Amino acid sequence: MSAEIESYSTERQIFKPGRNFQKRAIISGPQSWDAAIRKAEKNPEAFWETAARELLWRKPWKKALQWKPPFARWFVGGKLNVSENCLDRHLDGPRRHKVAVFWEGENGERRSYTYWQLHRETARFANVLKSLGVAKGDCVAIYLPTIPELAVAMLAASRIGAVHNVIFGGFSAEALKERILDAKAKVLVTADGGFRKGAVVALKACADEALKSCPGVAKVVVVKRCGTEVAWEPRRDVWWHEAMAAAGASCPPEALDSEHPLFILYTSGSTGKPKGILHTTGGYLTQVALTTKWIFDLKDADVFWCTADIGWITGHSYVVYGPLANGATLLMYEGAPLHPQPDRFWQIVERYGVTVFYTAPTAIRMFIRLGEKWPARHDLSSLRLLGTVGEPINPEAWRWYHRVIGAGRCPVVDTWWQTETGGIMISPLPGATALKPGSASRPFPGISADVVDRDGVPVPAGQGGYLVVKRPWPGMLRTIHGDPERYKSQYWSQIPGAYFTGDGARKDKDGYFWIMGRIDDVIKVSGHRLGTAEIESTLVAHAQVAEAAVVGRPDDVTGESIVAFVTLQSEYHPDAKLGETLKEYVAKNIGAIARPAEVRFTEALPKTRSGKIMRRLLREIASNGQVKGDVTTLEDFSVLARLREEE
Ligand code: WTA
């Protein structure tokens, strides 16, 4: 954690909800927002119980919350099924033949599924999983492009009480292997490939490579997406379409304990290997369903498009579970935002009449750079609400998004949350909140977020501090898979009596939160979360590297970019070619998202007397070539001078 937290400059501009929007909104007017927050504050458990009652329970819970710090159980004794809540529940009424999913492939292919169809596909695939020996509690790894089969596989796993572990399709074979082994997956669902930027990403080939060291994976289900040649292991591999054709379309959902594991999703932390964040059933679905409804103001006539990849938490909660739990129509797009032209997103918005659009600041900044002519080519008048997530949004980008994409008419909800929180934690409610560009506004009702000092004492308005959550919330991670000690030490030991988020923030005099970003050794590149330690250990594994330190450097489009400082084993000498080799090495071992923008060779790294690398100094050098901060704990000042000379 950095010792000093400086806060951003204040933004004064305020956007009030328009009268038209407010009139139709689910939560309407500032008084309703205040009242909801106040009411939830008085009795948070009762607030979440009311939300949970909107779901279908097979057995009612006995107790809303059991809190044995830092371990929480929500809706204790209750039983329900996530896929039943997302699918079956909608089949008895007018949503039966409503479109649940519009899907567009990067190659222009299109499909749609009604609730009834999605239900049948899910039940079929649940039977496939059973026939492959998957039982309640078993883990199913999923490594797919953004295609409907991905949602079907998740829902099917949840239907039979299997635990899914979705691995982002951009991860390398090595990263895939690590996650499969840690989660102890029995079955892997993958595809021959997926389309990205006009090319085929060879997922099956990566999976084959990974599985060489995963003896626990007995079966692999392969979706034929691209029609490319793939290697085949007849005793292990089965085609999705063949298995589906042989399976029955009826599979009753299992009634599962509210605390039954729903999924494990790996994310990067400040130290060591990726953490398997464990989410469970009842609490997670309650928070995700309610936040989707209130924050995205979702109604039956909406088409909701969250552009996140399903391999990240945003895709889990707001592409798949939140919208489906609300019986909404969602849109899924497989490919890259600029393919074949920079107006692909806007073309999709126009074609499907998207009404609510949720994306990342990095995408917005990229669109700003490309110019207004691209969105101007399309009729975006169906849009009524915009959202952002994943990193702080700079007020200029917020205003551009509001003016150009939203035509000044659509509120922008800046939503703060994390893989660990399961659902949105701090966000405006679009029909009720006066918006300040750059601020995620206030915590969602029932969420006790605050900004505190190192001792857990709230800091005065306007002062920077640590962003914490003081009370357990329904969608919170339950533990780190297989490592409860790490769960305790990473999240619940740094600030007394609270969950520490890893972010710095400040509150203004209106109680609005301004998130300043990570203050631990996690960086966000294009909204992707990367642990510096992970990249460093990969670099150090290269035969020529002695030591490595990785830091983030501010970037106008991607938020941050990766700079690696590297010292070589004595017999090797730096050159540009080696720099490129090392970048490639990281991309191959983790995935292209982790490729350093720059590799800088140095004779030694600046360290404290206790041997800790002084990242703050490296960050400053990487960002502006200067060091202003305190250097009194630095061991060898000459190192600093040399790093500067090497500019
Ligand atoms: C950052 C993504 C500022 C933050 C859902 C957090 C944000 C990390 C915002 C979690 C926001 C997310 N404003 N920063 N609206 N939303 N972040 O786990 O640093 O990929 O800790 O979850 O993203 O990243 P993760």
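Above this text is the structure in question.
In this text, all values refer to a predicted model and were calculated from it rather than measured experimentally.

The rules behind each value
Residues numbered from 1 in each chain as written. Predicted model: local features only at pLDDT ≥ 70, side-chain atom pairs only at ≥ 80, totals over all residues. Heavy atoms only, no water. Buried < 20%, exposed > 50% of the residue type's maximum accessible area, 1.4 Å probe, protein only. Helix = DSSP H or I, 4+ residues; strand = E, 2+ residues; numbered from the N terminus. Core = buried A, V, L, I, M, F, W, Y, C linked by side-chain atoms within 4.5 Å. Phe/Tyr/Trp six-rings, centres within 6.5 Å; stacked < 30°, edge-to-face > 60°. Lys NZ or Arg CZ within 6 Å of the ring centre and 35° of its normal. Near = heavy atom within 4 Å. Polar contact = N/O pair within 3.5 Å; in protein donor to acceptor, adjacent residues only side chain to side chain. Areas by Shrake-Rupley, 256 points an atom, 1.4 Å probe, with all protein chains shown as cover. Nonpolar A, V, L, I, M, F, W, Y, C, P; charged D, E, K, R; others polar. Contact = heavy atoms within 4.5 Å. Pairing = 2+ DSSP bridges. Axes fitted to C-alpha atoms, helices over the stretch in contact; angles between N-to-C directions. Expected span 1.5 Å × (residues − 1).

**Quick word on helix α11 (residues 313–325)**
Working step 1: Burial within α11 is extensive, with 13 of its 13 residues counted as buried.
Working step 2: Backbone geometry just after α11 places G327 at a positive phi near 65°.

**Side note on the nonpolar core**
Working step 1: In terms of nonpolar packing, the biggest core is built from 167 residues, with F125, I180, F296, Y321 and V566 touching the most fellow members.
Working step 2: For this core, the element with the most residues is helix α6 (residues 148–160), which contributes nine residues.
Working step 3: Grouped together as the second largest cluster of nonpolar side chains are 29 residues, Y333, L383, L386 and L435 included.

**Focus on the packing of aromatic side chains**
The geometry of an aromatic ring pair is captured by two quantities: the separation of the ring centres and the angle between the planes.
Working step 1: Inspection of the entire model under this criterion finds 39 aromatic pairs.
Working step 2: Relative to F357, the ring of F345 has its centre 6.1 Å away and its plane inclined at 80°; by these criteria the two rings are edge-to-face. In this pair, F345 is assigned in helix α12 (residues 344–352) and F357 in strand β18 (residues 356–359), connecting sequence segments 12 residues apart. Side by side, F345 and F357 carry an identical accessibility label, which is buried.
Working step 3: An aromatic cluster of at least three residues, connected via ring pairs, comprises W67, F71, W473, Y487, Y491, W492 and Y499.
Working step 4: The lysine or arginine in question, K436, covers the ring of Y512, its NZ or CZ lying 4.4 Å from the ring centre.
Working step 5: Across the ring face of W33, the terminal group of R442 is positioned such that the distance to the ring centre comes to 4.6 Å.

**Some points on the site of the ligand**
Working step 1: The full set close to the ligand counts 17 residues, and D414, T415, T419, K524 and R529 are the nearest of them.
Working step 2: Here an oxygen atom of the ligand and a side-chain polar atom of R518 are 2.9 Å apart.
Working step 3: Take K524: an N or O atom from its side chain is 2.7 Å from an oxygen atom of the ligand.
Working step 4: Relative to its unbound accessible area of 530 Å², the ligand is 96% covered by the protein chains.
Working step 5: Counting residues per element, the ones that place at least two in the shell around the ligand are α11, β20 (412–415) and β25 (513–518).
Working step 6: Residues of the shell around the ligand, tallied by class, amount to six nonpolar, five polar and six charged.

**So, unusual backbone geometry**
Working step 1: Residue P70 is bonded to the preceding P69 through a cis peptide linkage, with omega at -5°.
Working step 2: Along the chain, the position of P70 falls in the loop between β1 (63–68) and β2 (71–76).
Working step 3: A cis amide bond links H339 with the next residue in sequence, P340, at an omega value of -5°.
Working step 4: Within the element layout of this structure, P340 appears in the loop between β17 (329–333) and α12.
Working step 5: Phi at S526 is positive, roughly 50°, even though this residue is not glycine.

**Remarks on the side chain of R365**
Working step 1: Residue placement: R365 occurs in helix α13 (residues 361–370).
Working step 2: For R365, a relative accessible area of 9% corresponds to the buried category.
Working step 3: The residues contacting R365, other than those within four sequence positions of it, are E391, P392, N394, A397, D556, V557, T558 and G559.

**What about the pairing of strand β27 (residues 528–531)?**
Working step 1: Side chains of β27 alternate between two faces, with H528 and L530 and R529 and G531 buried alike.
Working step 2: When strand β26 (residues 522–525) meets β27, the two strands line up antiparallel, connected through four bridges. In the strand pairing of β27, V525 is matched with H528.
Working step 3: The loop that links β26 with its antiparallel partner β27 comprises two residues; one of these, S526, has a positive phi angle of about 50°.

**A closer look at the sheet that holds β17**
Working step 1: What the seven strands build is an open sheet, ordered β5-β4-β17-β16-β18-β19-β20; its pairing is mixed. What marks the edges here is a single partner per strand, and that holds for β5 (110–114) and β20. Shown here is a sheet whose adjacent strand axes are inclined to one another by a mean of 20°, direction ignored.
Working step 2: Here strand β4 (residues 99–104) runs beside β17; their pairing, made up of four bridges, is parallel. Within the sheet, the bridge partner assigned to W103 lies in β17 and is M332.
Working step 3: Contacting β4 and β5, helix α5 (residues 115–131) crosses the sheet at an angle of about 90° to β5.
Working step 4: Where helix α15 (residues 395–405) meets the sheet, its contacts fall on β18, β19 (385–389) and β20, and the angle it forms with β19 comes to roughly 155°.

**Focus: α5**
Working step 1: Taking 1.5 Å of rise per residue, the 17 residues of α5 would be expected to cover 24 Å, and the 24 Å separating its terminal C-alpha atoms lies within 8% of that figure.
Working step 2: Buried within α5 we find Y115, L118, H119, T122, A123, F125, A126, N127, V128 and L129.
Working step 3: Of the residues trailing α5, G133 is marked for its positive phi of about 95°.

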